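Observations on the three-dimensional arrangement
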Number of protein chains: 2
Amino acid sequence: MTLLLTPVLVAVLCVVIAVIITTSRKTETTESAAEVPSEAEARPWADQDLQDDTEISAKENEDDDWADSYEEENLPHVPYSPGGYPVEVMLERSQDFYTLMNKRRSVRFISPDPVPQEVIDNVIRTAGTAPSGAHTEPWTFVVVSDPETKHQIRLIVEEEEEVNYRQRMGDKWVNDLARLKTNWVKEYLDVAPYLVLVFKQTYGILPNGKKRTHYYNEISVSICCGILLAALQNVGLVTVTSTPLNCGPKLRELLKRPANEKLLMLLPVGYPASDATVPDLTRKPLEDVMVHV
Amino acid sequence: MTLLLTPVLVAVLCVVIAVIITTSRKTETTESAAEVPSEAEARPWADQDLQDDTEISAKENEDDDWADSYEEENLPHVPYSPGGYPVEVMLERSQDFYTLMNKRRSVRFISPDPVPQEVIDNVIRTAGTAPSGAHTEPWTFVVVSDPETKHQIRLIVEEEEEVNYRQRMGDKWVNDLARLKTNWVKEYLDVAPYLVLVFKQTYGILPNGKKRTHYYNEISVSICCGILLAALQNVGLVTVTSTPLNCGPKLRELLKRPANEKLLMLLPVGYPASDATVPDLTRKPLEDVMVHV
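Criteria and cut-off values
Residues numbered from 1 in each chain as written. Chains lettered and ligands numbered in written order. Predicted model: local features only at pLDDT ≥ 70, side-chain atom pairs only at ≥ 80, totals over all residues. Heavy atoms only, no water. Helix = DSSP H or I, 4+ residues; strand = E, 2+ residues; numbered from the N terminus. Buried < 20%, exposed > 50% of the residue type's maximum accessible area, 1.4 Å probe, protein only. Contact = heavy atoms within 4.5 Å. Areas by Shrake-Rupley, 256 points an atom, 1.4 Å probe, with all protein chains shown as cover. Expected span 1.5 Å × (residues − 1). Pairing = 2+ DSSP bridges. Axes fitted to C-alpha atoms, helices over the stretch in contact; angles between N-to-C directions. Polar contact = N/O pair within 3.5 Å; in protein donor to acceptor, adjacent residues only side chain to side chain. Salt bridge = Lys/Arg side-chain N within 4 Å of Asp/Glu carboxyl O. Core = buried A, V, L, I, M, F, W, Y, C linked by side-chain atoms within 4.5 Å. Parallel < 35°, antiparallel > 145°, perpendicular 65-115°, else oblique. Nonpolar A, V, L, I, M, F, W, Y, C, P; charged D, E, K, R; others polar. Phe/Tyr/Trp six-rings, centres within 6.5 Å; stacked < 30°, edge-to-face > 60°. Lys NZ or Arg CZ within 6 Å of the ring centre and 35° of its normal. Arc of directions from axis to C-beta. pLDDT = per-residue confidence, 0-100.

All right, on to the overall build of chain A then. On a plain count of helices and strands, chain A comes out with ten helices and eight strands. Evaluated residue by residue, chain A yields a buried proportion of 52% over its 293 residues. Once local pairs closer than 6 in sequence are excluded, the contacts in chain A between residues at least 24 apart make up 80%. When the accessible surface of chain A is summed, it comes to about 12900 Å², and 57% of that surface belongs to carbon and sulfur atoms.

Here the focus is helix α8 (residues 217-234) of chain B. All names here are of chain B. With 18 residues, α8 ought to run about 26 Å at 1.5 Å a step, and its terminal C-alpha atoms sit 26 Å apart, in line with that. For α8, the tally of buried residues reaches 18 of 18 residues, placing the bulk of the element in the interior. Gly236 sits one or two residues past α8 and shows a positive phi near 85°.

What follows covers the sheet that holds strand β2 (residues 139-144) of chain A. Ordered in space as β6(A)-β3(A)-β2(A)-β8(B), the four strands form an open sheet in which the pairing is mixed. Here the strands that pair on one side only, and so sit at the sheet edges, are β6 (261-269) of chain A together with β8 (290-292) of chain B. Along the sheet, successive strands turn relative to each other by an average axial angle of 20°, direction set aside. For strand β3 (residues 194-201) of chain A and β6(A), the ladder comprises eight bridges, and the chain directions are antiparallel. For Gln201(A), the partnering residue across the bridge sits in β6(A) and is Glu261(A).

Our next topic: the environment of Thr277(B). Relative to the helices and strands, Thr277(B) is located in strand β7 (residues 277-279). A relative accessible area of 23% means that Thr277(B) is categorised as partly exposed. Thr277(B) sits 131 residues away from Asp146(B) along the chain, and the two C-alpha atoms are 26 Å apart. Sequence-distant contacts of Thr277(B), that is, excluding residues within four places in its chain, are made with His77(A), Val78(A), Pro79(A), Tyr80(A) and Phe109(B). One polar contact links Thr277(B) to His77(A), side chain to side chain, over a distance of 3.4 Å.

Right, let's get into the side chain of Thr239(B). Position of Thr239(B) relative to the elements: it lies in the loop between α8 and α9 (248-254). Once you skip the residues sitting within four places of it in the chain, Thr239(B) turns out to touch Arg105(B), Ser106(B), Val107(B), Leu229(B), Leu232(B), Leu267(B), Pro268(B) and Val269(B).

Moving on to the pattern of salt bridges. Residue and element names in this part refer to chain B. One pass over the structure, following the stated rule, counts twelve salt bridges over all chains. Residue Lys186 pairs with Glu161 through a salt bridge whose shortest N-O separation is 3.4 Å. Here the residue Lys186 occupies a position in the loop between α6 (177-184) and α7 (188-191), and Glu161 occupies one in helix α5 (residues 147-171), the gap between them amounting to 25 residues. Judged by its relative accessible area of 2%, Glu161 is buried. The closest approach of N and O atoms between Arg257 and Glu261, which form a salt bridge, is 2.7 Å.

Let's shift gears to the sheet that holds strand β6 (residues 261-269) of chain B. Strand pairing in a sheet takes place through backbone hydrogen bonds and is either antiparallel or parallel in direction. Strand order in the open sheet formed by four strands is β8(A)-β2(B)-β3(B)-β6(B), with mixed pairing between adjacent strands. The open sheet has two edge strands with one neighbour each: β8 (290-292) of chain A together with β6 of chain B. Direction aside, the axes of adjacent strands within the sheet are offset by 20° on average. Bridge analysis of β8(A) against strand β2 (residues 139-144) of chain B gives three bridges, and the strand direction is parallel.

In this section: the nonpolar core. Formed by 82 residues in total, the largest nonpolar core has its most connected members in Ile124(A), Phe141(A), Leu237(A), Ile124(B), Phe141(B) and Leu237(B). What Leu237(A) contacts, discounting residues up to four positions off in sequence, is Val115(A), Val119(A), Ile120(A), Leu232(A), Val269(A), Gly270(A), Tyr271(A) and Met90(B).

Before going further, it helps to spend a moment on the packing of helix α3 (residues 87-102) of chain B against α8(B). Residues and elements named next belong to chain B. Close contact between α3 and α8 brings their axes to 9 Å; oriented N to C, the two are set at 90°. By the angle between their axes, α3 is roughly perpendicular relative to α8. Counted together, Phe97, Leu100 and Met101 of α3 and Ala230, Gln233 and Asn234 of α8 form the full contact between these two elements. Among the residues making up the contact of α3 with α8, the classes are represented as four nonpolar, two polar and no charged.

Attention now goes to the pairing of β2(A). Residue and element names in this part refer to chain A. A large share of β2 lies buried, amounting to six of its six residues. Alternating residues of β2 divide into Trp139, Phe141 and Val143 and Thr140, Val142 and Val144, and every residue in both groups is buried. Pairing analysis gives six bridges linking β2 to β3, with the strands arranged antiparallel. Its bridge partner lying in β3, Trp139 is registered against Lys200.

Here we take up the packing of aromatic side chains. Inspection of the entire model under this criterion finds one aromatic pair over all chains. Here Lys211(A) stacks its cationic end above the ring of Tyr203(A), 4.5 Å away from the centre of that ring.

Further remarks concern unusual backbone geometry. Leaving glycine out, the prevailing phi sign among residues is negative, and the prevailing peptide bond configuration is trans. All names here are of chain A. One non-glycine residue, His135, adopts positive backbone phi at about 50°. Not every positive phi belongs to a glycine, and Glu137 is a case in point at roughly 45°. Mapping Glu137 onto the fold places it in the loop between α4 (117-127) and β2. A relative accessible area of 5% places Glu137 in the buried class.

Looking now at α3(B). Turn by turn, an α-helix covers 3.6 residues, leaving residues three or four places apart pointing in a common direction. Relative to the 22 Å expected for 16 residues at 1.5 Å per residue, α3(B) spans 22 Å between its end C-alpha atoms, a close match to the ideal helical length. Where α3(B) is concerned, the buried positions are Met90(B), Ser94(B), Phe97(B), Tyr98(B), Leu100(B) and Met101(B). Summarising the axial view, the buried residues of α3(B) lie within an arc of 165°, below the 170-degree limit, and thus occupy one face. Among the exposed residues of α3(B), those oriented more than 90 degrees off its buried face are Glu88(B) and Glu92(B). Lining the buried residues of α3(B) we find α3 (87-102), α4 and α8 (217-234) of chain A together with α8 of chain B.

What follows concerns the pairing of strand β3 (residues 194-201) of chain B. In summary, the side chains of a regular strand alternate between the two faces of the sheet. With respect to burial, β3(B) is a largely interior element, eight of its eight residues being buried. In β3(B), alternate side chains face the same way, and those of Tyr194(B), Val196(B), Val198(B) and Lys200(B) on one face and Leu195(B), Leu197(B), Phe199(B) and Gln201(B) on the other are all buried.

Turning next to the confidence of the model for chain A. All names here are of chain A. Mean pLDDT over chain A works out to 80, with 70% of the residues at or above the 70 mark. Ignoring residues within four places in sequence, the model shows residues 23-62, a span with pLDDT below 50, making 92 contacts including any to other chains. Reported confidence for the predicted complex is 0.79 by ipTM and 0.79 by pTM.

Pasting the structure below:
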């Protein structure tokens, strides 16, 4: 009987072991699928550190209308009567502001001439008037004028850019290295009197120590940057919009920013160099961007 | 012998069946984990239709420096000398623009008084001067003044808002319905002379019919909206920033926008109502948003 059963027992043991192995393997797959976003979900330009790592709990935190935050519900309301302009003045102001803003260009050739800090302060103050989801004001502006820190930033950004460009070339680019190099050498990071690094705060810390998710933080901070660009143009300063997202973690470390802050934009700021050039681009006409219903 | 083996065979069969069931169940789990983003990955405020459905292929399309697009590389460069201002003028302009922008508030009480279309045209033109990743200008502004369309938009937005608020209340809110109702009734969608619906173009169509991914399209369009808010404030018009993302598909259908366009923002635009009020909010002081290195 014992002898007769042995092969059967072995078979049963084999099956049991197979079950155990199969189960553990499937569990691993499931876990890794949950942790690593699939290619289609991943945003290609955002590394892990830069994704919103806010804790998403329930739908109750959603709020489409940004003026509807719970805090605001309990605030007293005050009259809002900002004045206004006669129609002909409105028309003129709308035209003048368009003319001013339409002269704005992304400029990579920045003069080393010093710019008064007070002007930069006012520009940042202006950016900080932007609306934000539930009035969280989820932005931090790190204004760097220290030459050594600017140089460290340049090294970090150029290293990452070189990797990007070399990978591209490895894949299908046949241009010579010298030409490509102009794309990853960013002299302006040393030269510009200021580098403005704009961080989005993905969450805040409440007085009770709990995390408070900042919904819409990326949209809010991007809107804020739009106003910042307008403010720079208004005083005759230039910048070039860049989103060195892969450098975010290193730059955050360099600048000693807390874990809830993620780099969104890096803007070198200064006067345009006297020999600055820009690509001869045009903008879409109004009829290509606006539909009237 | 046959009789002796029967219970053992049954046991083996049971184990085999168990293996089959376990395997199929684990496969299901794995598949659903891969298809549905986990709670931590999902952006709570973006429904499926509104996520970037751009085809993500290789890293070569990444470009941190927005002025570095391939098209621009081949464009002739032209001198850029926009003039500029003496330092004291810069200081004054920076202060004046801050004062103007700091008066901006999100206003939900909008006057039905008509606003000249030409002012709106100039405001949209101004927004269109924003920088964008690889100069794709990935925005479409749908300006709605038709009363029937405005009302349809209101119905869609209010329906979604009511669902949101009722769900919240079901979970843990104990406020009475009448009070909450003020949060989902959006009279201004009927009353404001214009509703500006800002769509982001997640991809474009190349002359050869292929899709061209618009990287950074959401950041670009949000920056553009920041400049739009500045342009509105500059002419004395008001708005309230809202991101009714869950209504995106319905509003896109209503306005007959193509599949590559996703709603990002809905801005009612007009003069403030004579009895407009705003919550008595303050903004963070400069030292809370700026760090100087």
